[in-house]
Amino acid sequence: FPNDIVDYAHFCNTLNRCVAQFRETSSLRRKEGSGRTKDKRTPEKIENVRQLMDENPRTSIRHLAQQVDLSYGTCQKILKKHFILIA
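First, a word on scope: everything that follows refers to the structure included in this document. Counting from 1, residues in each chain are numbered in the order their sequence is written. Selection of residues for local features in this predicted model requires a pLDDT of at least 70, selection of side-chain atom pairs for listing and counting requires 80 or more, and totals for whole chains, interfaces and linings are taken over all residues. Calculated side-chain values reflect all of the structure's heavy atoms, with hydrogen atoms and water omitted.

1. Structural notes on unusual backbone geometry
(1) Moving on: Although it is not a glycine, Ser26 sits at a positive phi angle of roughly 60 degrees.
(2) Moving on: Structurally, Ser26 is set in the loop between α1 (8-25) and α2 (43-55).
(3) Moving on: Positioned with a positive phi, Asp69 is a non-glycine residue whose angle comes to about 60 degrees.
(4) Moving on: In this structure, Asp69 sits in the loop between α3 (61-68) and α4 (72-82). Strands here mean DSSP runs of E at least two residues long; helices mean DSSP runs of H or I at least four residues long; both are numbered from the N terminus.

2. Looking at a positive patch on the surface
(1) Moving on: A cluster of basic residues, Arg36, Lys77, Lys80 and Lys81, forms a positive patch at the surface.
(2) Moving on: With respect to the helices, strands and loops of the structure, Lys80 is situated in helix α4.
(3) Moving on: Exposure is judged per residue with a 1.4 Å probe applied to protein chains only, and the accessible area is read against the type maximum: over 50% gives exposed, under 20% gives buried, and values in between give partly exposed. On the accessibility criterion, Lys80 (47% relative accessible area) is partly exposed. Like-charged residues within 9 Å of one another, or nonpolar side chains (Val, Leu, Ile, Met, Phe, Trp, Tyr) within 5 Å, are grouped into patches, provided each residue has over 30% relative accessible area and no salt bridge. Accessible surface is estimated by sampling points in the Shrake-Rupley manner with a 1.4 Å probe; for residues, cover comes only from the protein chains shown. We define a salt bridge as a contact between a side-chain nitrogen of Lys or Arg and a carboxyl oxygen of Asp or Glu at a distance within 4 Å. Counted as positive: Lys and Arg. Counted as negative: Asp and Glu. His and the chain ends are not counted at all. Here the site of a charge means atom NZ of a Lys, CZ of an Arg, CG of an Asp or CD of a Glu.

Here it is in structure tokens:
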């Protein structure tokens, strides 16, 4: 759709959802805790990663993730942003 045309069905769905939420809660604010979860890269976890990599620099990211109980992607971010170990 061009920018100046409103999709009527989408508008009706949004309006109905807002009205229903206002009737239930007397507010249009989001529910507490409904947002994105906090970053898991705490200083303690970063230090754990650093110690494990100092002990064995050839550790795979998969194995590292299992050891520190983080996801592969979070370990990858720690290595990239905090230690500049991967390109």
